[in-house]
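Observations on the three-dimensional arrangement
Here are the chains, one letter per residue:
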Amino acid sequence: MTDDVWGPLADRYRTQRARRLLALDGGGIRGVLTLAVLAEIESQLAETTGTGRSFRLCHFFDYIAGTSTGAIIAAGLARGMSVPELITFYTSLGPDIFKKERLLFRLKHFYTSDPLAEQLKKTFGAKTTLTPEDLRCLLLVVTRNVTTDSPWPISSAPVAKYNARDRADCNLRIPLWRLVRASTAAPIYFPPEVLEWDPKDPAKTFVFVDGGMTPYNNPAFLLYRMATAPAYRLGWATGEQNLMLISIGTGAAATLGPEAQTPETNIASALAGLPGALMYGASVDQDVNCRVIGRCVHGASIDRELGDMIPRDAEGRDTPLDHDLGRHFLYARYNADLSDDGLERLGVADVDGQAVRKLDAVDHVDDLLRIGRAAAGQVRLLEQFGALVTGHIEAPAE
């Protein structure tokens with residue numbers, strides 16, 4: 001890895017050391033919930049490092065991934081934004097971003113794309129790209145290429161095959177705001193995004209929609225693969241002392257379907273809910289994969305058979321971190337249960353769970369923040385990750 005490839009990030013990424021990964025789910029305006037959890041993480045790390053207000057999550061996490069609304073947050077963090085800045089972005093601009101289209105065009109999509117595009121351009125910069133000169137840490141944005149009918153996870157790692165600067169279709173040249181816009185182009189809600197990879201080759205112009213329409217609405221296990229698998233050319237070391245991964249959701253709740261006595265009941269609504277069910281199933285699968293390959297230090301129970309998969313002794317006590325179990329990484333999953341029972345356990349039983357589950361619940365941003373702050377009580381970084389929290393952290397810029 002040469003200095004000229006990494007540019008201003010050379011000192012950080014050319015040396016071998018323990019690495020930290022952050023993965024952020026999709027979920028529309030429910031990204032506010034994610035931000036409330038991130039605010040607690042940022043606060044704990046600022047206190048641990050003694051850097052106060054100058055601390056940013058990009059100083060701690062070496063690689064941040066996001067899908068859809070998670071891509072907006074991930075891009076902001078990689079640019080060096082603070083969590084409070086991103087909360088302001090969501091709370092002040094959410095109603096404009098989800099502006100209703102004229103009724104005549106509602107059959108095509110619910111919201112105009114212009115407010116979102118303009119705000120992304122303004123926030124990230126019209127000319128900002130994925131190059132090391134424009135980002136403070138590595139970034140992964142998940143989208144779906146409709147033209148090729150395939151998931152497209154786009155990484156900013158300059159050593160990756162399709163990020164070589166001598167390529168006419170180099171990924172690093174794509175404007176950041178347009179890539180994030182592509183990741184957030186939820187079908188029906190927003191129009192697709194058309195991106196031109198190589199201006200001289202019409203075959204390299206593609207149509208993109210929301211990354212949530214791939215198996216990676218939760219991009220956690222994907223991020224692990226792209227950080228460690230040789231094909232992606234980063235090749236970061238695995239092991240409980242070498243790698244940690246934090247995954248944050250946007251809230252979830254089971255949706256009950258027809259009972260056995262009346263299986264045909266509500267079939268139409270069941271079909272309408274199929275995309276959401278598939279996204280939820282894929283998200284859980286990413287979570288389970290992380291808990292099988294990695295060592296789970298925190299996470300809600302998966303189901304009655306798997307439990308939470310946190311390693312414990314015969315007496316039910318968590319296995320101490322200094323007892324290395326040989327897993328590939330340390331892993332925590334922070335999320336909120338948006339069911340009525342889940343909200344009651346979080347101490348926010350007065351919140352309308354059905355209303356806040358909607359991707360466009362812009363009238364319930366305050367409730368989402370309350371839920372996220374309650375869920376943030378799960379975060380105890382020093383206890384859950386030990387030395388990987390107190391190890392090397394990038395110094396804040398002067």
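All of the points below concern the structure found in this document. (Residues numbered from 1 in each chain as written. Predicted model: local features only at pLDDT ≥ 70, side-chain atom pairs only at ≥ 80, totals over all residues. Heavy atoms only, no water.)

1. Details of the layout of surface pockets
Here the second largest pocket defines a volume of roughly 420 Å³. Around the second largest pocket sit 20 residues that line it, and Pro153, Ile154, Lys161, Tyr162 and Asn171 are the ones nearest its centre. Taken together, the residues that form the lining of the second largest pocket break down as 14 nonpolar, 3 polar and 3 charged. (1 Å grid on protein atoms, 1.4 Å probe; cavity = no way out; pocket = protein on both sides within 12 Å on 5 of 7 lines; lining within 4 Å. Points joined across faces, edges and corners; volume = space filled by probe spheres on them. Nonpolar A, V, L, I, M, F, W, Y, C, P; charged D, E, K, R; others polar.)

2. Side note on the pattern of salt bridges
Think of it this way: side chains of opposite charge can pair up when their charged atoms draw near. Scanning all chains against the criterion turns up 22 salt bridges. Here Arg14 ties to Asp11 by a salt bridge, and the two come within 2.6 Å at their closest N and O atoms. With a relative accessible area of 41%, Arg14 lands in the partly exposed category. With its nearest N and O atoms 3.2 Å apart, the salt bridge here joins Glu383 to Arg380. For Arg380, a relative accessible area of 37% translates into the label partly exposed. (Salt bridge = Lys/Arg side-chain N within 4 Å of Asp/Glu carboxyl O. Buried < 20%, exposed > 50% of the residue type's maximum accessible area, 1.4 Å probe, protein only.)

3. Considerations on the side chain of Thr131
The topology assignment puts Thr131 in the loop between α6 (114–124) and β3 (138–145). With near-sequence residues (within four places) excluded, Thr131 lies in contact with Arg165 and Leu172. (Helix = DSSP H or I, 4+ residues; strand = E, 2+ residues; numbered from the N terminus. Contact = heavy atoms within 4.5 Å.)

4. What to know about the side chain of Asp287
With respect to the helices, strands and loops of the structure, Asp287 is situated in helix α10 (residues 274–293). Side chain to side chain, Asp287 and Arg291 meet in a polar contact 2.9 Å long. Leaving out residues up to four positions away in the same chain, Asp287 has contacts with Asn218, Ile302, Tyr331 and Arg333. (Polar contact = N/O pair within 3.5 Å; in protein donor to acceptor, adjacent residues only side chain to side chain.)

5. Considerations on the environment of Asp11
Along the chain, Asp11 falls in helix α2 (residues 10–13). A distance of 2.6 Å separates the side chain of Asp11 from the side chain of Arg14, its partner in a polar contact.

6. A look at helix α5 (residues 83–97)
The largest bend in α5 amounts to roughly 35 degrees and is located at Thr91, with the proline Pro95 lying one to four residues further along. As for α5, its buried residues are in contact with α3 (31–49), α4 (69–78), α6 and α13 (365–375). (Bend = angle between axes of the 7 residues up to and from the residue.)

7. Thoughts on the packing of α4 against helix α7 (residues 176–183)
It is at 8 Å that the axes of α4 and α7 come closest, and there the two elements cross at 155 degrees. Accordingly, the angle class assigned to the pair α4 and α7 is roughly antiparallel. Classified by chirality, the crossing of α7 by α4 is right-handed. Within the contact between the two elements, α4 uses Ala71, Ile72 and Ala75 and α7 uses Leu176, Val180 and Ser183. (Axes fitted to C-alpha atoms, helices over the stretch in contact; angles between N-to-C directions. Parallel < 35°, antiparallel > 145°, perpendicular 65-115°, else oblique. Left-handed = near helix turned anticlockwise from the far one by under 90°.)

8. Here's the deal with the packing of α3 against α13
Two elements in contact, α3 and α13, have axes whose closest approach is 7 Å; the angle formed by their N-to-C orientations is 40 degrees. Crossing handedness for the pair α3 and α13: right-handed. Counted together, Val32, Leu33, Ala36 and Val37 of α3 and Val365, Leu368, Leu369, Ile371, Gly372, Arg373 and Ala375 of α13 form the full contact between these two elements. Tallied by class, the residues present in the contact of α3 with α13 amount to 9 nonpolar, 1 polar and 1 charged.

9. Comments concerning unusual backbone geometry
Of note in the backbone geometry, Ser68 takes a positive phi value of approximately 55 degrees without being a glycine. Structurally, Ser68 is set in the loop between β2 (63–67) and α4. Residue Ser68 is classed as buried on the basis of its relative accessible area of 7%. The phi torsion at Asp149 lies on the positive side, around 55 degrees, for a residue other than glycine. Mapped onto the elements, Asp149 comes out in the loop between β3 and β4 (150–155). On the basis of relative accessible area, Asp149 is assigned to the exposed category, the value being 55%.

10. Re the nonpolar core
If you look at soluble globular proteins, the nonpolar side chains tend to sit buried side by side. Core analysis: the largest hydrophobic core is formed by 113 residues, its most contacted members being Leu38 and Ile41. When residues in this core are grouped by element, the largest group, 9 residues, is from α3. In this structure Leu38 touches Leu22, Leu24, Leu57, Ile73, Leu77, Val83 and Ile248, once residues within four positions along its chain are discounted. (Core = buried A, V, L, I, M, F, W, Y, C linked by side-chain atoms within 4.5 Å.)

11. What about the packing of aromatic side chains?
This model, assessed by the stated rule, comprises 14 aromatic pairs. Look at Trp197 and Phe206: their rings are 6.2 Å apart centre to centre, the planes differ by 65 degrees, and that puts the pair in the edge-to-face class. Neither residue differs from the other here; Trp197 and Phe206 are each classed as buried. Following the ring pairs from residue to residue traces out a cluster consisting of Trp6, Tyr13, Tyr63 and Trp236. (Phe/Tyr/Trp six-rings, centres within 6.5 Å; stacked < 30°, edge-to-face > 60°.)

12. Remarks on the pairing of strand β6 (residues 205–210)
By the bridge criterion, 3 bridges tie β3 to β6 in an arrangement that is antiparallel. Among the inter-strand pairings, Thr143 is bridged to a residue of β6, identified as Asp210. Of the strand pairs in this sheet, strand β5 (residues 193–196) and β6 are connected by 4 bridges, and their pairing is antiparallel. Bridge assignment links Leu195 to a residue of β6, and that residue is Phe206. (Pairing = 2+ DSSP bridges.)

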